[in-house]
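Descriptive analysis of the structure
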Amino acid sequence: MKLARALRRVMPGFAALVLMSTPLWGQTRPIVIQGGTLIDGTGRSAITDAVIIISDGKFQEVGKRSDVKMPQGAEVIDAKGKTLLPGLIDGHCHYRDWMGELYLAYGVTTCPNISNNPVEWIIAQREGVRSGSIRGPRVWAAGNVIDGPPPGGAGGLRRQRTSIIVESEEEAKKAVRALAEKGVDGVKLFERLKPQVAKAAADEAHRLGRPVFGHSLDIFTAAEAGYQSVEHSWSVLYTSIQDPKKKAELDDARMTRKIDTAEAHVYMEPAMFDRIIRVMVEKNVHWSPTWATWFRPLSIHAPEMKRRELTLLKDPRLRYLPSYILKDTESFFSKYEKATPEKRNELMTGYKMIQEFVRKFAAAGGKIHSGSDPNHVVPGYAVHAELEMLVEAGLTPLQALQTASINVAQAWGKSKEYGSVEKGKVADLVIVRGNPLQNISDTQNVEMVFIEGKVMDTSYHPDYKNPIPRPIEDRPEQ
Ligand SMILES: [Zn+2]
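Now for a description of the structure that goes with this document. In this text, all values refer to a predicted model and were calculated from it rather than measured experimentally.

We now examine the pairing of strand β16 (residues 446–451). In terms of strand pairing, strand β15 (residues 429–433) meets β16 through 4 bridges, oriented antiparallel. Looking across to β16, one finds that Val432 is bridged to Val446. As paired elements, β16 and strand β17 (residues 454–455) share 2 bridges and run antiparallel to each other. Bridge pairing in β17 places Phe450 opposite Val455. Counted between consecutive antiparallel strands, the loop separating β16 from β17 contains 2 residues, among which Glu452 sits at a positive phi close to 50 degrees.

With 12 residues, helix α9 (residues 244–255) extends 16 Å between its outermost C-alpha atoms, agreeing within 8% with the 16 Å of an ideal straight helix rising 1.5 Å per residue. Among the residues of α9, those classed as buried are Lys247, Leu250, Asp251, Ala253, Arg254 and Met255. As for α9, its buried residues are in contact with α8 (233–240) and α10 (261–264). Two or three places before Lys245, at the opening of α9, Asp243 has a side-chain oxygen 3.0 Å from that residue's backbone nitrogen. Downstream of α9 by a residue or two, Arg257 has a phi angle that is positive, lying close to 65 degrees.

What follows covers unusual backbone geometry. Omega for the bond connecting Asn117 with Pro118 falls within 30 degrees of zero, at -5 degrees, which places this linkage in the cis form. Notably, Asp56 is not glycine yet its phi reads approximately 50 degrees, a positive angle. Along the chain, Asp56 turns up in the loop between β2 (47–55) and β3 (58–64).

What follows is about the coordination of the zinc ion. Bound to the zinc ion on the protein side are His92 (NE2), His94 (NE2) and Asp373 (OD), at distances that span 1.9 to 2.5 Å. Each donor residue of the zinc ion lies on the same chain, and together they follow the pattern H-x1-H-x278-D. Taken together, the residues His92 in the loop between β6 (88–89) and α3 (100–105) and Asp373 in the loop between α15 (341–363) and α16 (381–393) connect sequence positions 281 residues apart. An identical accessibility class is assigned to His92 and Asp373; each is buried.

Our next topic: the layout of surface pockets. Empty space within the second largest pocket amounts to approximately 510 Å³. Residue lining of the second largest pocket: 20 residues in total, with Val129, Arg130, Ser131, Ile451 and Glu452 positioned closest to the centre. The element that contributes the greatest number of residues to the lining of the second largest pocket is helix α4 (residues 119–131), accounting for 4 residues.

With 23 residues, α15 extends 32 Å between its outermost C-alpha atoms, agreeing within 8% with the 33 Å of an ideal straight helix rising 1.5 Å per residue. The first or second residue beyond α15 is Gly365, which carries a positive phi of 95 degrees.

We now examine the state of the cysteines. The bond known as a disulfide is covalent and runs between the sulfur atoms of two cysteines. Tallied over the entire structure, the rule returns 1 disulfide. Covalently, Cys93 is tied to Cys111 through a disulfide, its sulfur atoms 1.8 Å apart. One quick way to see it: the torsion about the S-S bond of Cys93 and Cys111 is about 60 degrees, and its sign makes the bridge right-handed. Of this pair, Cys93 sits in the loop between β6 and α3 while Cys111 sits in strand β7 (residues 108–113), and the two are 18 residues apart along the sequence. Neither Cys93 nor Cys111 differs from the other in exposure class; each is buried.

Here we come to empty space enclosed by the protein. The gaps of empty space that remain are located by a probe, the size of a water molecule, rolled over the atoms. Overall, the coordinates contain 1 cavity of 30 Å³ or more when judged by the stated rule. Taken as a whole, the largest cavity spans an internal volume of roughly 50 Å³. Lining the largest cavity, in full, are Pro86, Gly87, Ile89, Thr109, Thr110, Glu417, Tyr418, Gly419, Ser420, Val426 and Asp428. Taken together, the residues of the lining of the largest cavity sort by class into 4 nonpolar, 5 polar and 2 charged.

Packing of helix α5 (residues 169–182) against helix α6 (residues 195–207) leaves a shortest axis separation of 8 Å and a crossing angle of 35 degrees. As α5 runs across α6, the sense of the crossing is right-handed. Side by side, α5 and α6 meet where Glu169, Ala172, Lys173, Val176 and Arg177 of the first sit next to Gln196, Val197, Ala200, Ala201, Glu204, Ala205 and Arg207 of the second.

In space, the 3 strands of this open sheet follow the order β6-β7-β8, with parallel pairing throughout. With partners counted over all chains shown, the strands left at the sheet margins are β6 and β8 (138–141), one partner each. Relative to β7, β6 runs parallel, the two being bridged by 2 bridges. Pairing of Leu88 across the sheet is with Val108, part of β7. Its contacts with the sheet place α4 against β7 and β8, and it is angled at close to 150 degrees to β8.

Note on placement: Ser233 falls in helix α8. For Ser233, a relative accessible area of 3% translates into the label buried.

Turning next to the packing of helix α13 (residues 302–313) against α16. For the pair α13 and α16, interaxial distance at closest approach is 12 Å and the crossing angle is 175 degrees. The angle between α13 and α16 falls in the class roughly antiparallel. Residues Met305, Arg308 and Glu309 of α13 touch α16, and the partners they reach there are Tyr381, Ala385, Glu388 and Met389.

The next thing to look at is the pairing of β3. Pairing of β2 with β3 involves 6 bridges; the strand directions are antiparallel. Considered in β3, the bridge of Ala50 is made with Lys64. Counted along the chain from β2 to the antiparallel partner β3, the turn is 2 residues long, and its residue Asp56 has a positive phi close to 50 degrees.

What follows is about the environment of Arg275. Tracing the sequence through the fold places Arg275 in helix α11 (residues 273–282). In the structure, Arg275 is positioned 35 residues away from Ser240 in sequence and 9.1 Å away in space, judged by C-alpha atoms.

Each aromatic ring pair is specified by the distance between its two centres and by the angle formed by the two planes. Going through the model one piece at a time under the given rule, you end up with 15 aromatic pairs. Plain terms: the ring middles of Trp287 and Phe361 are 5.9 Å apart, the flat faces sit at 85 degrees to each other, and that makes the pair edge-to-face. Residue Trp287 is found in strand β14 (residues 286–288), and its partner Phe361 is found in helix α15; the two are separated by 74 residues along the sequence. Note on accessibility: Trp287 and Phe361 belong to one class, buried. An aromatic cluster is defined as three or more aromatic residues linked by ring pairs; in this entry it consists of Trp140, Phe213, Trp412 and Tyr418. Above the face of the Trp121 ring, Arg470 is positioned so that its terminal group lies 5.7 Å from the ring centre.

What counts, and where the lines are drawn
Residues numbered from 1 in each chain as written. Predicted model: local features only at pLDDT ≥ 70, side-chain atom pairs only at ≥ 80, totals over all residues. Heavy atoms only, no water. Pairing = 2+ DSSP bridges. Helix = DSSP H or I, 4+ residues; strand = E, 2+ residues; numbered from the N terminus. Expected span 1.5 Å × (residues − 1). Buried < 20%, exposed > 50% of the residue type's maximum accessible area, 1.4 Å probe, protein only. Contact = heavy atoms within 4.5 Å. Polar contact = N/O pair within 3.5 Å; in protein donor to acceptor, adjacent residues only side chain to side chain. Donors = N, O, S within 2.8 Å, 3.2 Å for Na, K, Ca; no water. 1 Å grid on protein atoms, 1.4 Å probe; cavity = no way out; pocket = protein on both sides within 12 Å on 5 of 7 lines; lining within 4 Å. Points joined across faces, edges and corners; volume = space filled by probe spheres on them. Disulfide = S-S within 2.5 Å. Nonpolar A, V, L, I, M, F, W, Y, C, P; charged D, E, K, R; others polar. Axes fitted to C-alpha atoms, helices over the stretch in contact; angles between N-to-C directions. Left-handed = near helix turned anticlockwise from the far one by under 90°. Parallel < 35°, antiparallel > 145°, perpendicular 65-115°, else oblique. Phe/Tyr/Trp six-rings, centres within 6.5 Å; stacked < 30°, edge-to-face > 60°. Lys NZ or Arg CZ within 6 Å of the ring centre and 35° of its normal.

Function cannot be inferred from these measures alone, as they are strictly geometric.
As structure tokens, then:
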């Protein structure tokens, strides 16, 4: 105030502007959302007839209507018949410049990039969203993946062309430091790193306060190295195979595309599940199955999923989406529809084994992430497809919702501020019609989305444009 008074004396006009703009910015009317059912993301049971008070971008009060004191002059939103969810956090995101509207429309308020490149571009997206110049979800960024040299015989791995290849512990640490200096929030390690090199990279990332996400052919090693999360159902598949020769052959067959990821799952060895789960839970290694990509055509929800996806992808307002998504979506579903009964049976056997792992892992207290992994599937939407599949596998809707909120925030070390609807946390919130506790598909009926207490535009605009286009070809990414 002393400064303001001094300024007013010397520059009356300027001081008035500063004085006016500061309080106006900080003191918007509080928002009261009342009458809905709240699933807060902590795992607690839902609160019916809930009241949430938002101001200054934070949840100020959260509770039952009878327990919360209403503020004066608030803007009131009636949420009767609706359900309030924490802003969804995609467990496995690879952000592209065209994804912003899709994410918002599906209630995804944070997109943690498991990997992305160029690293400067994803950092620029993060800052652009932060400053309000890009309309899209909040970005958390990991950069290029760090990997070891490709195995002999498997051919040049196309996916490694943007990777940072390291062979020694020193090189690995240097690569981590370089990414951290560029400002990444997390580090992604790949499956070709030698165990001691992976460990050195993870240690360096942790020393710099960055979480580690990894591909892994051996979760025991990943757990030993202290990874926060292991990505993809195939990590469990390979870890479960006990004969090293069999494992190497299957790895090679998948890398050279003699077999696809879904097909490979029939070789899982469920006898190993308990051991894998014990170690993951003990070391708090989370897991992103990213199984919607490969297995949703086998879900009990498949016909409805296909209908929804094709309707969405043919929406004229989304004509700016890259054409490969529609093509991939159609071909994924038709591949399964055209499969012989024997083939379908084999795929179903793999799906059932992964379902069993999901169920046992969650029952043991393991933390799952639901994620889009948007190579072949609609980003944002795919998070909801995974929620449906988790409930199908036996999780409760409350558990399922944690996989797209608090679990992910915990892995990224950001659960103090994000991931649940609790007093003092950042006000990221989704209002949906219906009740996901009765029908998990209701999470898709997104009606309103708040990021930091601000209502977001969740509609599609054919002229949606990202002011910072990604400077390289769109895909692939792992
Ligand atoms: Zn991925």
